[in-house]
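So the chains spell out like this:
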Amino acid sequence: MRLVFTDFDGVLHPLDAELPEGRRFCWLPVLESLLVGHPDVHIVVHSSWRYEYIDQELRALLGPLGPKFVGSAPRGPREQSIELVLQANRRVRHHLVLDDDKQEFTGTAVNLLLLNPQRGISDETAQTAIKNWLQSTSPVQAHETP
């Protein structure tokens, strides 16, 4: 199993306190298109939104990616919360953290993709990095032959 830990603000929509509701999650289709064909990739929300919404509501906010949602990180600093999820789930082979706030991370073993808070995953460089991670960590299909 592979996990993508995602923040919302600055990742799935621009970081903007005055963001109109219609712009929220405007880049969700980008993440959806990147994850197509990767059934072993699941999503964990580590956004501060996890303090305001229960898991069922977070799943709904993820729209078409809701079925990939497996939960939210526990309360606490983001990096530590992510590490707790990884320690509790030994089946996780690889993970990728999508976030725009470098201050939340001290550089431990968390595999962080730091994003520009105004471009999030709409940035082509970020999309390439996510595609590369998906390809490089893809499990070998047992029924395929070279």
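Since we're looking at a predicted model, the values are computed, not measured. (Residues numbered from 1 in each chain as written. Predicted model: local features only at pLDDT ≥ 70, side-chain atom pairs only at ≥ 80, totals over all residues. Heavy atoms only, no water.)

(A) Local environment of the packing of aromatic side chains. Taken as a whole, this structure holds four aromatic pairs when the rule is applied. Note on phenylalanine 8 and tryptophan 49: the rings are 5.3 Å apart at their centroids and 80° apart in plane angle, and the pair reads as edge-to-face. Of this pair, phenylalanine 8 sits in the loop between strand 1 (2-6) and helix 1 (28-35) while tryptophan 49 sits in the loop between strand 2 (41-45) and helix 2 (55-61), and the two are 41 residues apart along the sequence. Both residues of the pair, phenylalanine 8 and tryptophan 49, belong to the buried class. Measuring from centroid to centroid gives 5.5 Å for tryptophan 49 and tyrosine 53, while their planes differ by 20°, and the two rings are stacked. An aromatic cluster of at least three residues, connected via ring pairs, comprises Phe8, Phe25, Trp49 and Tyr53. (Phe/Tyr/Trp six-rings, centres within 6.5 Å; stacked < 30°, edge-to-face > 60°. Helix = DSSP H or I, 4+ residues; strand = E, 2+ residues; numbered from the N terminus. Buried < 20%, exposed > 50% of the residue type's maximum accessible area, 1.4 Å probe, protein only.)

(B) How the structure looks around the confidence of the model for the protein chain. On average, residues of the protein chain score 91 in pLDDT, and 93% of them reach the 70 mark or higher. Least confident of the elements in the protein chain is helix 3 (residues 78-88), whose mean pLDDT is 94; most confident is strand 2, at 98. (pLDDT = per-residue confidence, 0-100.)

(C) Structural view of the nonpolar core. Counting residues in each nonpolar core, the largest one holds 28 residues, and the members touching the most others are Phe8, Leu12, Leu31, Leu62, Leu98, Ile121 and Ile130. Mapped by element, the contributors of at least two residues to this core are helix 1, strand 2, strand 4 (94-99) and helix 4 (124-136). Take this core: its biggest share by element is five residues, from helix 1. If sequence neighbours within four positions are ignored, isoleucine 121 has contacts with Val11, Leu12, Trp27, Val30, Leu31, Leu98, Leu115, Ala126, Gln127 and Ile130. Counting residues in hydrophobic clusters, the runner-up holds 11 residues, among them Leu3, Val92, Val97 and Val110. (Core = buried A, V, L, I, M, F, W, Y, C linked by side-chain atoms within 4.5 Å. Contact = heavy atoms within 4.5 Å.)

(D) Representation of the pairing of strand 2 within the structure. Of all five residues making up strand 2, four are buried, and the element is well covered by its neighbours. As paired strands, strand 1 and strand 2 are joined by five bridges and run parallel to one another. Residue valine 4 lies in a different strand from strand 2, and its bridge partner there is isoleucine 43. When strand 2 meets strand 3 (residues 69-72), the two strands line up parallel, connected through three bridges. Directly across from isoleucine 43, in strand 3, lies its bridge partner phenylalanine 69. (Pairing = 2+ DSSP bridges.)

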